[in-house]
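Structural overview
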Amino acid sequence: MTGQQLRLYNSLGRRIEDFVPSADVVGLYSCGPTVYYFPHLGNMRTYVFTDTLRRALRWKRYPVRHVINITDVGHAVADSDTGEDKLELAAAREQRAVADIAAFYTRAFFDDSTALNLLPADVYPRASEYVEQMIEFAVRLEELGYTYQLPSGLYFDTSKSPGYGTLALLDIAGQREAARVEFVEGRRNKSDFALWRAEEPGVRRVMRWDSPWGWGAPGWHLECSVMSMALLGEHFDMHTGGVDHRQLHHVNEIAQSEAYLGDGLPWVRYWLHGEFLLLNNAKIAKSSGPVPRLADLTEAGYHPMAYRLFLLGGHYRSQLDFTAAGVDAAQATLRRLVSRVAPLRPLPAVESHEQAVALLPDSGGEASKTALGYLDQLDAAIANDLATPKVLATLQDALRDSDLTPEGLRVVVASADALLGLGLADLDPAEVDNRRSVEDLSAGEVETIERLIAERTRARSEKNWPRADEIRAELDNLGVQVTDTPNGPTWQLR
Ligand code: AMP
Ligand code: ZN
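Residues numbered from 1 in each chain as written. Chains lettered and ligands numbered in written order. Predicted model: local features only at pLDDT ≥ 70, side-chain atom pairs only at ≥ 80, totals over all residues. Heavy atoms only, no water.

1. Quick notes on the overall build of the chain
Rule in force here: Secondary structure counts use DSSP, requiring at least four H or I residues in a row for a helix and at least two E residues in a row for a strand, with both numbered from the N terminus. A 1.4 Å probe rolled over the protein chains alone gives each residue an accessible area, and that area as a share of the maximum for its type sets the label: buried under 20%, exposed over 50%, partly exposed in between. We call two residues in contact when some of their heavy atoms are within 4.5 Å. Each accessible area is a Shrake-Rupley estimate made with a 1.4 Å probe; only the visible protein chains count as cover when residues are assessed. Note that His is not counted, nor are the chain ends; the positive residues are Lys and Arg, and the negative ones are Asp and Glu. A charge is said to be at NZ when it belongs to Lys, at CZ for Arg, at CG for Asp and at CD for Glu.
When helices and strands are tallied, the chain shows 16 helices and 15 strands. For the C-alpha atoms alone, the extent of the chain along its principal axes is close to 85 × 60 × 40 Å. The buried share of the chain, taken over its 494 residues, is 52%. Looking at the chain alone, contacts between residues at least 24 apart form 74% of all its contacts between residues at least 6 apart. For the chain, the computed accessible surface area is about 21,900 Å², with 51% contributed by carbon and sulfur atoms. The chain carries 51 positive and 69 negative side-chain charges, and their two centres are separated by 3 Å.

2. A closer look at the site of ligand 1
So the rule is basically this: In this text, near means that some heavy atom of the residue lies within 4 Å of the molecule or strand in question. Residues adjacent in sequence count toward polar contacts only when both atoms are side-chain atoms; beyond that, a polar contact is any pair of N or O atoms within 3.5 Å, and within protein one must be able to donate a hydrogen and the other to accept it. Cavity means a closed set of points on a 1 Å grid over the protein atoms alone, one where a 1.4 Å probe fits but cannot get out, pocket means an open set with protein on both sides within 12 Å along at least 5 of 7 lines, and lining means a residue has an atom within 4 Å of a point. Should more than half of a molecule's atoms lie within 2 Å of a pocket's or cavity's grid points, that molecule is taken to sit in it.
Among the 17 residues in the neighbourhood of ligand 1, the closest are listed as Thr34, Gly42, Thr46, Asp244 and Leu277. In the environment of ligand 1, an oxygen atom lies 3.0 Å from a nitrogen or oxygen atom belonging to the side chain of Asn43. Here Thr46 contributes a side-chain N or O atom positioned 2.7 Å from a nitrogen atom of ligand 1. Protein coverage of the free-state accessible area of ligand 1, which is 500 Å², stands at 91%. When atoms are counted within 2 Å of each cavity's grid points, the one that captures over half of ligand 1 is the largest pocket. At the level of secondary structure, the elements contributing two or more residues to the shell around ligand 1 comprise α1 (41–59) and β9 (236–242).

3. Overview of the packing of aromatic side chains
Under the convention used in this document: Ring pairs are drawn from Phe, Tyr and Trp, using the six-membered ring of Trp, whenever the two centres fall within 6.5 Å, and their geometry is named by plane angle: stacked under 30 degrees, edge-to-face over 60, tilted for the rest. Note on criteria: charge over ring means Lys NZ or Arg CZ within 6 Å of the ring centre, with the direction from the centre no more than 35 degrees off the ring normal.
Counting across every chain of the model gives 21 aromatic pairs. Centroid distance Phe38 to Phe104: 5.8 Å. Interplanar angle 70 degrees. Geometry classified as edge-to-face. One end of the pair, Phe38, is in the loop between β3 (26–30) and α1; the other, Phe104, is in helix α3 (residues 98–115), and 66 residues separate them in sequence. By relative accessible area, Phe104 is classed as partly exposed at 37%. Plain terms: the ring middles of Tyr146 and Phe156 are 5.7 Å apart, the flat faces sit at 5 degrees to each other, and that makes the pair stacked. With Tyr146 in the loop between α4 (131–143) and β5 (147–150) and Phe156 in strand β6 (residues 153–156), this pair connects stretches of sequence that are 10 residues apart. No difference in accessibility class separates Tyr146 from Phe156, as the two residues are buried. Positioned above the aromatic ring of Phe38 is the side chain of Arg293, whose terminal nitrogen or guanidinium carbon lies 3.6 Å from the ring centre.

4. Structural notes on the layout of surface pockets
This is how it is decided: Grid points are joined across faces, edges and corners, and a volume is the space filled by probe spheres set on the points.
What the largest pocket holds in volume is close to 1,100 Å³. For the lining of the largest pocket, the elements supplying multiple residues, two or more each, are α1 and α3. Among the elements that take part in the lining of the largest pocket, α1 stands out by supplying four residues, more than any other.

5. Some words on the coordination of the zinc ion (ligand 2)
For clarity, the cut-off: Metal donors were taken as nitrogen, oxygen and sulfur atoms no farther than 2.8 Å from the ion, or 3.2 Å where the ion is Na, K or Ca. Water is excluded, so coordination may look unfinished. Donor angles set the geometry label: tetrahedral for four donors if every angle is between 85 and 135 degrees, square planar for four and octahedral for six if opposite donors exceed 155 degrees and the others are between 65 and 115, irregular for anything else.
Taken together, Cys31 (SG), Cys224 (SG), His249 (NE2) and Glu253 (OE) make up the protein donors of the zinc ion (ligand 2), found 2.1 to 2.7 Å from the metal. Taken together, the four donor atoms coordinating the zinc ion (ligand 2) and their angles of 72 to 126 degrees define a geometry best described as irregular. All donor residues of the zinc ion (ligand 2) come from one chain, and their arrangement in sequence is C-x192-C-x24-H-x3-E. Residue Cys224 is located in helix α6 (residues 222–232), and its partner Glu253 is located in helix α7 (residues 249–261); the two are separated by 29 residues in the primary sequence. By relative accessible area, Cys224 is classed as buried at 1%.

6. As for the packing of helix α9 (residues 304–312) against helix α10 (residues 324–341)
Let me state the cut-off plainly: To get an axis, a line is fitted to the C-alpha atoms, and for a helix only the part in contact is used. The angle between two axes follows their N-to-C directions and goes from 0 to 180 degrees. An angle counts as roughly parallel when it lies under 35 degrees, as roughly antiparallel when it exceeds 145, as roughly perpendicular when it falls between 65 and 115, and as oblique in every other case. Residue classes follow a fixed rule: Ala, Val, Leu, Ile, Met, Phe, Trp, Tyr, Cys and Pro count as nonpolar, while Asp, Glu, Lys and Arg count as charged, and any other residue, Gly among them, counts as polar.
At a minimum axis distance of 8 Å, the contact between α9 and α10 shows a crossing angle of 110 degrees. Judged on the interaxial angle alone, α10 and α9 are roughly perpendicular. Every residue of α10 that contacts α9 at Met305, Ala306, Leu309 and Phe310 is listed here: Gly326, Val327, Ala330, Gln331, Thr333 and Leu334. Of the residues that constitute the contact of α9 with α10, the class distribution is seven nonpolar, three polar and no charged.

7. What to know about the environment of Asp379
Structurally, Asp379 is set in helix α12 (residues 366–383). For the pair Asp379 and Pro162, spaced 217 residues apart in the sequence, the C-alpha separation amounts to 40 Å. Not counting residues up to four positions away in its chain, the partners in contact with Asp379 are Thr2, Gly3, Gln4, Trp59, Lys60 and His353.

8. With respect to the side chain of Gln256
Along the chain, the position of Gln256 falls in helix α7. Apart from the residues lying within four places of it in its own chain, the contact partners of Gln256 are Phe137, Leu141, Phe156, Phe193, Leu195, His221, Leu222 and Ser225.

9. Concerning the sheet that holds β5
Our working rule: Strand pairing follows a simple DSSP-based rule, namely that at least 2 bridges must link the two strands.
Spatially, β5-β6-β7-β8 is the arrangement adopted by the four strands of the open sheet, whose pairing is antiparallel. Two strands lie at the open edges of the sheet, namely β5 and β8 (216–218), each paired on one side alone. Geometrically, the sheet is characterised by an average inter-axis angle of 20 degrees between neighbouring strands, direction not taken into account. The pairing of strand β7 (residues 193–198) with β8 spans three bridges and is classified as antiparallel. Of the residues in β8, the one forming a bridge with Ala198 is Gly216.

10. Concerning the pattern of salt bridges
This is how it is decided: Basic side-chain nitrogens of Lys or Arg form a salt bridge, by our definition, when they fall within 4 Å of a carboxyl oxygen of Asp or Glu.
Enumeration over the complete set of coordinates arrives at 27 salt bridges. Glu351 serves as the salt-bridge partner of Arg58, at 3.5 Å between the closest nitrogen and oxygen. Residue Arg58 is located in helix α1, and its partner Glu351 is located in the loop between α10 and α11 (353–359); the two are separated by 293 residues in the primary sequence. Arg96 is paired through a salt bridge with Glu94; the nearest N and O atoms lie 2.7 Å apart. Residues participating in the shared-partner salt-bridge network are Arg451, Glu455, Arg467 and Glu470.

11. Overview of the nonpolar core
Worth spelling out the cut-off: As used in this record, nonpolar core signifies buried Ala, Val, Leu, Ile, Met, Phe, Trp, Tyr and Cys residues forming a set joined through side-chain atoms within 4.5 Å.
Ranked by internal contacts, the top residues of the largest apolar core, which has 128 residues, are Phe19, Met238, Leu277, Tyr307, Phe310 and Val413. At nine residues, the largest contribution of residues to this core is made by α1. Leu452, Val482, Trp491 and Leu493 belong to the second largest nonpolar core, which has 10 residues in total.

12. Some words on empty space enclosed by the protein
If a probe as big as a water molecule is rolled over the atoms, it shows which places are left empty. Counted by the stated rule, this structure contains three cavities of 30 Å³ or more. Every residue lining the largest cavity is listed: Arg45, Val48, Phe49, Thr52, Leu311, Leu312, Gly314, Tyr316, Leu386 and Thr388. Listed by contribution, the elements that provide at least two residues to the lining of the largest cavity are α1 and α9. At four residues, α1 tops the list of elements feeding residues into the lining of the largest cavity. Looking at the lining of the largest cavity, its residues break down into six nonpolar, three polar and one charged. Considered as a void within the structure, the second largest cavity measures approximately 80 Å³ in volume. Every residue lining the second largest cavity is listed: Tyr47, Thr50, Asp51, Arg54, His66, Ile68, Phe109, Ser113, Leu118, Leu119, Pro120 and Tyr124. The set of elements that each furnish at least two residues to the lining of the second largest cavity consists of α1, β4 (64–68) and α3. It is α1 that contributes the most residues to the lining of the second largest cavity, four residues altogether.

As structure tokens, then:
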């Protein structure tokens, strides 16, 4: 590894730590989509964060084996133990077979992943293909004395798990009380969770398997423990997900996995969580209306990379509020970046820091020192817990720096993009230019714009600055950019 030590925020312990892999290949498991509906923009934020982690590991030349699971069974509504399966509900709603629902929304997830330029995972295991292994896993937990059976299924007894809830930072008593779970008849502790969800008498599930605890379906948490161990080995280095998983899903994955392994070692060493995307500063909730997805943005004329750039402008551990103005600004930044980079093409192929440094002429002259300085800045930024806003700022600085030679600049741009994944090497400038031209406007739209501009001029001449600002904001919302010249205001569309 060249450059700075990679440092990452580990949710287990809640501190920034050196990342030191335990094996030649870093095992990385990311909790994937529940394929009962389209992924929304928030879901995709979590996968863009995971992709940034992938790119950081590649930059540092750590080989990675990445698994993203596809949850096509077992995830009940409201993450509960006794509710209906999300896939079965969707099948009833859309009057389609469960398998069709899963296939259709899995495809939607892959489409968005491709559009956002996410590096593909090595494996995308389907939960429904691992049910036999899940049953074996639960049988083992039963033999070890961690479970109890109720008419509603087989439950994991969290009071038998000494470190239960460490990841969530909840003291044990607190966690037991706080766990946000529904009432289940006979459950010993509120935090106990279902390993197997038995069919209710007289209710036949659509997806059902026979098990030692009767016909039914696995609990949601089981799949991730089973599939990750099957594909990455019993212990592996990294596990990721959205920040909601830090409170429940990952807590339960850890409890059952460490009980199963029984070797006293932490199951997974690094747990990374991406913060949520908010909508109008509120949690994205299906109940608050349709949740926007990538296709809504592309239909409105935005390039998927504008959304990616919008996300990378925030740090993955900070909440980010989704606004039209934010994506507009990102689209404009992307357009400027691409038009600035296009004349530099072709860019060299760069994936790692080491490769980038090797591409610079080793003349030791000022120009290559300047380029090296930028590579160091990129390296320091990504090594500092994936500081993508700093990577972007460094790229912008380099593009303005007249001390860089074109060769040096090419290497710096290619390196920044190896981390950002915006596709700067070949994005077509025309493709990222979503500015409408004035000719596209209707006569009524032009009239409104000109009336607002006249009103603003009047407000300014009356020194009514608040009103003038208000009108400018209104024009801004319409995508109109006003420039004041000695001959009066002119305008254009952004
Ligand atoms: P799901 O398909 O519901 O299982 O969620 C897929 C991933 O998206 C999980 O890692 C969630 O933690 C994550 N997620 C859900 N809502 C948001 C959000 N608003 N912002 C970011 N990530 C989210
Ligand atoms: Zn999971």
